[in-house]
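# Tertiary structure, described
So the chains spell out like this:
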Amino acid sequence: MRFFTGWSGGNHAGAEWIAAEGVITETTPSDFRRWIQENPSYDGISVTIFLDSPGGNLRGGLELGLLFRERRFNTAVGRTVPMTGVDKNPSETQTQTTQGGHCVSACAYAFLGGHNRSAATGEIGFHQFYTERALKDALTPTFNATDLSQTQTTVGIIALYLKELSVDPEVLFLASAQEPGGMAFPTLTEMRRLKIVNWRDQPIAEPWRIEPAGAGAVVVTRIEMDALTEVRIALHCRRSSPDIIVLRGAWTYPNPKNLGVGGPNAGQRLSVELRQSIFSSSLVIGNRAVRTHPGVSGLIEARVDDDGTHRIAFAISSAEYRRGLAEGFAIEIELPGYLGYGRTFTPPIAGLSERMNIALRSCV
């Protein structure tokens, strides 16, 4: 398997990726470690690895998957090819794109190591693990006590691997149910059910709930944006200003200490101070931004903690709160230094009013 940089020519999040193509061998994990050392801009950055491989060595695939998870890489399936009809840019770097590929056998287990994992039906394949001698002649008696011990050990290792990655162990049954040389290609629906893929187009929000906060109460929800990003939204009133409602948001971006900036191999490590200087946020009610950070009245807090947690808090009037109940709230985040990376967090409205009415009787 070889590793190289893919680049679409853009300067936005996702314009650059790591391509991993070819047969997985025992040395592939060490080859990948060495490649990362030679390309330090990718070390720890939340970047996607596009895999295209017929598989190979099972142990190598498992170790590679653990390396992906350790470094918080995302995984997808696809071949990296030159972009047709596009001239080279002034730096003489050929722009590229990805096309459909396959990731089967040992590659499928390496794929599972990704934090965010996306694949289409027919791209991920599982089969039995086997020895070459058994595959050449399935009827030749070769099974002995050592084979039995090794088989049980391998099954245990794969089961623990799946558990470590929070993947449904039914995947092991799916693979073992295939004939030697056969391949199971789960559908997208099956892959989502078995947690082979976990990337989703729509966030998942928990229902609003009331939590104690000191001598008062706050109303909170948690929004799971994807496998890496989770945001917590809270609303409450303050005893010193009971007519003002505070809306707070807290979230952590993927690998906040190492944000990738620039084209191929152009990473940049950003300090906490620099991250704070590029962090901006807006509070939107309906379709209109009513607060814009930085330097706006009503902004209570805007900071990035040492652990990478971003925090924002706005003071809104009772009238703005009521309009938000009718038209919806949204917090828009921009990190211009991270290739223009932005997200929008939209808290659910259902159930908020009833719980907030209770919390308003017990300001923080």
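Above this text sits the structure in question.
What counts and how
Positions within a chain are numbered from 1, following the residues in the order the chain's sequence is written. Where totals are concerned, whole chains, interfaces and linings use all residues; where local detail is concerned, this predicted model gives features only for residues with pLDDT of at least 70, and gives and counts side-chain atom pairs only at 80 or more. Computation of side-chain values covers all heavy atoms of the structure but excludes hydrogens and water. Cysteine sulfur pairs qualify as disulfides if the two atoms are within 2.5 Å. Here's how the labels work: a residue is buried when its accessible area is under 20% of the maximum for its type, exposed when over 50%, partly exposed in between, all with a 1.4 Å probe on protein chains only. At least two DSSP bridges between two strands are needed for those strands to be called paired. Helix numbers and strand numbers start at the N terminus; a helix is a DSSP run of H or I with at least 4 residues, a strand a run of E with at least 2. To be clear, the arc concerns the directions from the helix axis to the C-beta atoms. Stacked, tilted and edge-to-face are the three classes assigned to paired rings of Phe, Tyr and Trp, where Trp is represented by its six-membered ring and a pair needs centres within 6.5 Å; plane angles under 30 degrees give stacked, over 60 edge-to-face, the rest tilted.

### Considering the state of the cysteines
Applying the stated criterion across every chain yields a total of 2 disulfides. Each sulfur of the disulfide joining Cys 103 and Cys 107 lies 2.0 Å from the other. Judged by the sign of its S-S torsion, about -105°, the cystine formed by Cys 103 and Cys 107 is left-handed. Neither Cys 103 nor Cys 107 differs from the other in exposure class; each is buried. What connects to what in the protein chain, once the bonded cysteines are numbered by sequence position, is 1-2, 3-4.

### Here's the deal with the sheet that holds strand β1 (residues 2-7)
Spatially, 5 strands are ordered β1-β2-β3-β4-β8 in an open sheet, and the strand pairing comes out mixed. Two strands close off the open sheet at either side, each with one partner strand: β1 and β8 (117-118). Sheet topology note: the strand β2 (residues 16-21)/strand β3 (residues 48-52) ladder contains 4 bridges and is parallel. Bridge pairing in β3 links Glu 21 to Asp 52.

### Here's the deal with helix α9 (residues 318-327)
What α9 keeps buried is the set Glu 320, Tyr 321 and Gly 324. Burial along α9 is one-sided: seen end-on, the buried residues are contained in an arc of 100°. Exposed and oriented more than 90 degrees from the buried face of α9 are Arg 322 and Ala 326. With its phi angle positive at about 100°, Gly 328 sits one or two positions after the end of α9.

### Topic: the packing of aromatic side chains
Across all of its chains, the model carries 7 aromatic pairs by this definition. Ring plane angle 85° and centroid distance 5.4 Å describe the contact between Phe 32 and Phe 68, whose orientation is recorded as edge-to-face. Pair noted here: Phe 32 is in helix α1 (residues 28-38) and Phe 68 is in helix α2 (residues 58-70), with a separation of 36 residues, a long-range link. Phe 68 shares its class with Phe 32; the two are buried. Ring plane angle 80° and centroid distance 5.5 Å describe the contact between Tyr 109 and Phe 126, whose orientation is recorded as edge-to-face. One end of the pair, Tyr 109, is in helix α3 (residues 106-111); the other, Phe 126, is in the loop between β9 (124-125) and α4 (132-136), and 17 residues separate them in sequence. A relative accessible area of 5% means that Tyr 109 is categorised as buried.

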